[in-house]
2 protein chains.
Amino acid sequence: MRLKAVPATLAVAVLTLSLSATVCADDVQNLKITRPAYSNDLVINLQRTRQEPIQSIEPAKVTDPAKVELGKQLFFDPRLSRSGFISCNSCHNLSMGGSDNLVTSIGDRWRQGAIRVPTVFNASLNAAQSRDGRAQTLAEQTGGSIASPMEMNSTPQAAENMLNTIPGYRDQFKQVYQLDRIGIAQITDALAAFESTLVTPNSRFDQWLRGNDKAITANERAGYELFKIAGCITCHSGPAANSSGYQQIDVVRTYPVRNPVIGSAGATGDQNDRMMFKVPTLRNVELTYPYFHDGAAKTLPDAVQIMGQIQLGRNFTDDENVKIVAFLKTLTGNLPSFRLPQLPLSGDNTPRPNPFAPPASSASLLQQP
Amino acid sequence: MRLKAVPATLAVAVLTLSLSATVCADDVQNLKITRPAYSNDLVINLQRTRQEPIQSIEPAKVTDPAKVELGKQLFFDPRLSRSGFISCNSCHNLSMGGSDNLVTSIGDRWRQGAIRVPTVFNASLNAAQSRDGRAQTLAEQTGGSIASPMEMNSTPQAAENMLNTIPGYRDQFKQVYQLDRIGIAQITDALAAFESTLVTPNSRFDQWLRGNDKAITANERAGYELFKIAGCITCHSGPAANSSGYQQIDVVRTYPVRNPVIGSAGATGDQNDRMMFKVPTLRNVELTYPYFHDGAAKTLPDAVQIMGQIQLGRNFTDDENVKIVAFLKTLTGNLPSFRLPQLPLSGDNTPRPNPFAPPASSASLLQQP
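Remember, predicted model here, so these are calculated numbers, not experimental data.

Thresholds applied
- Residues numbered from 1 in each chain as written.
- Chains lettered and ligands numbered in written order.
- Predicted model: local features only at pLDDT ≥ 70, side-chain atom pairs only at ≥ 80, totals over all residues.
- Heavy atoms only, no water.
- Helix = DSSP H or I, 4+ residues; strand = E, 2+ residues; numbered from the N terminus.
- Buried < 20%, exposed > 50% of the residue type's maximum accessible area, 1.4 Å probe, protein only.
- Areas by Shrake-Rupley, 256 points an atom, 1.4 Å probe, with all protein chains shown as cover.
- Least-squares fit on C-alpha atoms with pLDDT ≥ 70 in both.
- Contact = heavy atoms within 4.5 Å.
- Buried area = accessible area lost by both parts, 1.4 Å probe.
- Salt bridge = Lys/Arg side-chain N within 4 Å of Asp/Glu carboxyl O.
- Polar contact = N/O pair within 3.5 Å; in protein donor to acceptor, adjacent residues only side chain to side chain.
- Nonpolar A, V, L, I, M, F, W, Y, C, P; charged D, E, K, R; others polar.
- Phe/Tyr/Trp six-rings, centres within 6.5 Å; stacked < 30°, edge-to-face > 60°.
- Axes fitted to C-alpha atoms, helices over the stretch in contact; angles between N-to-C directions.
- Parallel < 35°, antiparallel > 145°, perpendicular 65-115°, else oblique.
- Expected span 1.5 Å × (residues − 1).
- pLDDT = per-residue confidence, 0-100.
- Disulfide = S-S within 2.5 Å.

Draft legend 1. Structural view of the overall build of chain A. Broken down by element type, chain A carries 14 helices and 2 strands. When each of the 369 residues of chain A is scored for burial, the buried share is 56%. Surface accessibility of chain A: about 16,100 Å² in total, with carbon and sulfur atoms responsible for 56%.

Draft legend 2. Local environment of the relation of the copies chain A and chain B. Of the two same-sequence chains, chain A is brought onto chain B (RMSD 0.0 Å, axial shift 0.0 Å) by a rotation of 180°. These values place the two chain copies in the arrangement generated by a two-fold rotation axis. Distance from the rotation axis, computed per C-alpha, reaches its smallest value in chain A at Arg-339 of chain A: 2.0 Å.

Draft legend 3. Quick look at the interface of chain A and chain B. With 48 residues of chain A at the contact, the number on the chain B side is 48 residues. In total, about 4,300 Å² of surface goes out of reach between chain A and chain B, with carbon and sulfur atoms giving 65% of it. When residues of chain A are sorted by the area they lose upon contact with chain B, Phe-85, Trp-110 and Phe-356 of chain A head the list and together hold 21% of the total. Linking chain A to chain B there are 0 salt bridges. For the interface between chain A and chain B, the tally reads 16 residue pairs in polar contact (both at pLDDT 80 or more). Residues of the side of chain A that touches chain B, tallied by class, amount to 23 nonpolar, 14 polar and 11 charged.

Draft legend 4. Looking closely at the side chain of Asn-153 of chain B. You can see Asn-153 of chain B is positioned in the loop between helix 5 (138-147) and helix 6 (156-163). Those residues in contact with Asn-153 of chain B that sit more than four places away from it in its chain are Arg-82, Asp-108, Arg-109, Arg-111, Ser-145, Ile-146, Ala-147 and Ser-148 of chain B.

Draft legend 5. Region of interest: the packing of aromatic side chains. Within this structure, the stated rule accounts for 28 aromatic pairs over all chains. Ring geometry for Phe-194 of chain A versus Phe-338 of chain A: centroids 5.8 Å apart, planes at 80°, classification edge-to-face. One end of the pair, Phe-194 of chain A, is in helix 8 (residues 184-195); the other, Phe-338 of chain A, is in the loop between helix 13 (318-328) and helix 14 (363-366), and 144 residues separate them in sequence. Seen from their ring centres, Phe-76 of chain B and Phe-338 of chain B are 6.1 Å apart, and the 75° between their planes marks the pair as edge-to-face. Linking Phe-76 of chain B in the loop between helix 3 (65-75) and helix 4 (88-91) with Phe-338 of chain B in the loop between helix 13 (318-329) and helix 14 (362-366), this pair joins segments that are 262 residues apart in sequence. A relative accessible area of 6% means that Phe-76 of chain B is categorised as buried. Residue classification places Phe-338 of chain B among the buried positions, given a relative accessible area of 9%. Cluster of aromatic residues (ring-pair linked, three or more members): Phe-205, Trp-208, Tyr-224, Phe-227 and Phe-327 of chain A.

Draft legend 6. Main features of unusual backbone geometry. Residues and elements named next belong to chain A. Each neighbour pair has its own omega, and for Tyr-289 with Pro-290 the value is -10°, a cis peptide bond. Relative to the elements of secondary structure, Pro-290 occurs in the loop between strand 2 (276-278) and helix 12 (300-312). A positive phi is found at Phe-292, a non-glycine position, where the angle reads about 80°. Accessibility expressed as a relative area gives 12% for Phe-292, which makes it buried.

Draft legend 7. Molecular detail of the packing of helix 10 (residues 218-230) of chain A against helix 13 of chain A. Residue and element names in this part refer to chain A. Relative orientation of the contacting elements helix 10 and helix 13 amounts to 100°, with a least axis distance of 7 Å. In this view, helix 10 runs roughly perpendicular relative to helix 13, as classed from their interaxial angle. Two secondary-structure elements touch here, helix 10 through Asn-219, Glu-220, Ala-222, Gly-223, Tyr-224, Leu-226 and Phe-227 and helix 13 through Glu-320, Val-322, Lys-323, Ile-324, Ala-326, Phe-327 and Leu-328. Of the residues that constitute the contact of helix 10 with helix 13, the class distribution is 9 nonpolar, 2 polar and 3 charged.

Draft legend 8. Examining helix 12 (residues 300-312) of chain B more closely. Residue and element names in this part refer to chain B. Relative to the 18 Å expected for 13 residues at 1.5 Å per residue, helix 12 spans 17 Å between its end C-alpha atoms, a close match to the ideal helical length. Along helix 12, the residues that are buried comprise Leu-300, Ala-303, Val-304, Gln-305, Gly-308, Ile-310, Gln-311 and Leu-312. Looking one or two places after helix 12, you find Gly-313, whose phi comes out positive at around 60°.

Draft legend 9. Spotlight on the pattern of salt bridges. Taken as a whole and judged by the stated rule, the model has 32 salt bridges over all chains. With its nearest N and O atoms 2.8 Å apart, the salt bridge here joins Glu-220 of chain B to Arg-204 of chain B. Of this pair, Glu-220 of chain B sits in helix 10 (residues 218-230) while Arg-204 of chain B sits in helix 9 (residues 204-209), and the two are 16 residues apart along the sequence. Here the salt bridges share partners, and the residues they tie into one network are Glu-52, Arg-221, Glu-225 and Lys-228 of chain A.

Draft legend 10. Quick look at the packing of helix 3 (residues 65-75) of chain A against helix 8 of chain A. Residues and elements named next belong to chain A. At a closest axis distance of 7 Å, the pairing of helix 3 and helix 8 adopts a crossing angle of 100°. Here helix 3 lies roughly perpendicular to helix 8, going by the angle between them. In this structure, helix 3 uses Lys-67, Val-68, Leu-70, Gly-71, Lys-72, Leu-74 and Phe-75 to contact helix 8, whose residues at the interface are Ile-187, Asp-189, Ala-190, Leu-191, Ala-193, Phe-194 and Glu-195. Residue composition of the contact of helix 3 with helix 8, grouped by class: 9 nonpolar, 1 polar and 4 charged.

Draft legend 11. Spotlight on the confidence of the model for chain A. Residue and element names in this part refer to chain A. Confidence along chain A averages 86 in pLDDT terms, with 85% of residues attaining 70 or more. Per-residue pLDDT stays below 50 along residues 1-45; that stretch engages in 46 contacts with residues further than four places along the chain or on separate chains. Taken together, the chains of this predicted complex give a pTM of 0.86 and an interface ipTM of 0.86.

Draft legend 12. Structural detail: helix 13 of chain A. Residues and elements named next belong to chain A. In terms of residue burial, helix 13 counts as a mostly covered element, since 8 of its 11 residues are buried. For helix 13, the set of buried residues is Glu-320, Asn-321, Lys-323, Ile-324, Val-325, Ala-326, Phe-327 and Leu-328. Those residues of helix 13 hidden inside the fold are in contact with helix 9 (204-209), helix 10 and helix 12.

Draft legend 13. Quick peek at the state of the cysteines. With the rule as written, the count across this model stands at 0 disulfides over all chains. No disulfide involves Cys-235 of chain A; its sulfur sits 9.3 Å from the nearest other cysteine sulfur, which is in Cys-232 of chain A. Residue Cys-88 of chain B stays outside any disulfide, its sulfur separated by 9.2 Å from that of Cys-91 of chain B, the closest cysteine.

Draft legend 14. Structural detail: the environment of Leu-138 of chain B. Residue and element names in this part refer to chain B. Mapped onto the elements of the fold, Leu-138 is located in helix 5. Placed 55 residues apart in sequence, Leu-138 and Ala-193 show a C-alpha to C-alpha distance of 8.6 Å. Non-local contacts of Leu-138, meaning those with residues more than four positions away in its chain, are made with Ala-123, Ser-124, Gln-129, Ala-192, Glu-195 and Ser-196.

Draft legend 15. Here's a closer look at the environment of Pro-239 of chain A. Residue and element names in this part refer to chain A. When you line up the elements, Pro-239 lands in the loop between helix 10 and strand 1 (246-248). Take Pro-239: its relative accessible area is 27%, and that puts it in the partly exposed class. Residues Pro-239 and Thr-281, 42 residues apart in the sequence, show an inter-C-alpha distance of 9.0 Å. Ignoring anything within four residues of it in the chain, the contact list for Pro-239 reads Gln-55, Ser-56, Ile-57, Leu-125 and Arg-283.

Draft legend 16. Structural detail: the environment of Leu-125 of chain A. Residues and elements named next belong to chain A. Positionally, Leu-125 belongs in the loop between helix 4 (88-91) and helix 5 (138-147). Residues Leu-125 and Ala-241 lie 116 residues apart in sequence; the distance between their C-alpha atoms is 9.5 Å. Residues within four places of Leu-125 in sequence aside, it is in contact with Ile-57, Pro-239, Ala-240 and Asn-242.

Okay, here's the thing in structure tokens:
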């Protein structure tokens, strides 16, 4: 069993080397934005930038503010769901770490989702979206959630038809996309543009990476060193601390299966992908309880302990657990801050939702166990 | 049948006279805040302030910003519900006119509420809360919604126990109320304090009231005059255009009953109160479709036409309907604007919600038709 973990440890060294150059290049770019060029501060900070496998997050670069503003309204708009009650923000609650803090999601008609909702914060830094990687891009993910019977349970056509009757949306889409008719491609593109701004830079850990020695405590620093030595860093590196992309959740010990989700195998149909999941970001991880794809770990100390056991074959002592948890809490960054949007009014001809309409075909529901 | 409407028309004159003094006093207070004392502008504006049965809305006066900020967090916090999914903002959506734009509300476990959710905007100006006046104060209303099985379906005890385990809330309640333990009285008081700030001053109609002749068009002005002459003003006067407090919904013609709600009789048990409802505010009425206690009127033109028929015995012509609707849209004010709050983190010992737990007693549900 230990054999499985060894290549992972080796990978850390390779990863650390290959990432170093990127850290410097990115941080120079960042510093150019926030500091005057050629200042002494710039030189000092460049010299002191730490080269670590976890890199700092860059602030969002907004190139099309009108598109982002439009996407923000769509993100908060429950009319994208069949019921008119569930918006993106219902499950990816931007007041609660970009998720819902529930074990599994609640969808249309109170249907129970199969997975713990991943956070939308820093999702633009993921290798893929969804727990099983089903959606490659943010735009794909948003389209999938609008149409999924377990989530918003609308259709691309219904979403398009609805938005095209709302003058306030038509004007904005026209301005941003130069199109007279709103299509699902523009809807998901605008949503993705807004979601791409939901990054959380300037955590205490990032401040430490940039050379501020006092940004984290000795205890938190010790937790980070242990995090690297123990091998957590193998999967949790890069800006979002998830750069390995995918990993099986039972590297050393079998994960006790509690729900029907089987990882990427559910998307690819390949049994080799069974229990393979997208590695979740550790950014703001103290906000995104409960943990794992099935929400089985109630607290962060629990999650750390279980990860040590099933991924690394290591039983952290209480002291080690406390240190790693302390380090993880330094990854909480500046959360997105913006004014709650006001949504454009429905027109008199906008279809009115009927949340309590019977399902189109109740047979499929009745046949469920 | 016409007899019933006559006293209403007489009441307009009385109401207009009795309100006039209040208009002046209130507007002086408002002007003192926004303009330098003794300026020429002040004198001119005082002279030009119109004395009308609908009065302008005052901006919110925040005396305890920490309490309001706390109440805002609670308003957006789904942990006040049994499921951890439904917050005050789910039904009183501050992005959608302070309501949900649905025919009837959606509550815990997707239960169908009996009534169209009233807007929380300007609710502090209501004579009472709830459609049937069941709750006298905002604090009572918030407590009722937290505990109602058809709404958030929690209990005062569960809400208290949950909040008392959250350090970020304990600190704020301690600061605002000087109490070590959070109680339901403080929870509902903070919610009410936030809701009291959700007023919408400075509508175009209010600007016209303050003397700006160009703030409304001739067509809108004609609609307002018709609104007064036809008798709508009998119930819809005062700052929130709802100052008569209560009214039967079938003054002239019987209202076709479509749902089990019977008005204030449901709260008082007195059959004389049957189909007696709190008069809804007309402030921002273009945002709060669909209309009436049962959401039966889909659009504002429909609502105006039906009100004319069943309350005034009058069938408005198309031109009259257009004018009144145009006037009503001038009542849309400055909507509350604030940053989306970040909610305090649950502690490791905070009870985790279980939205899919079977009801405590499923027997009562099974016996339903």
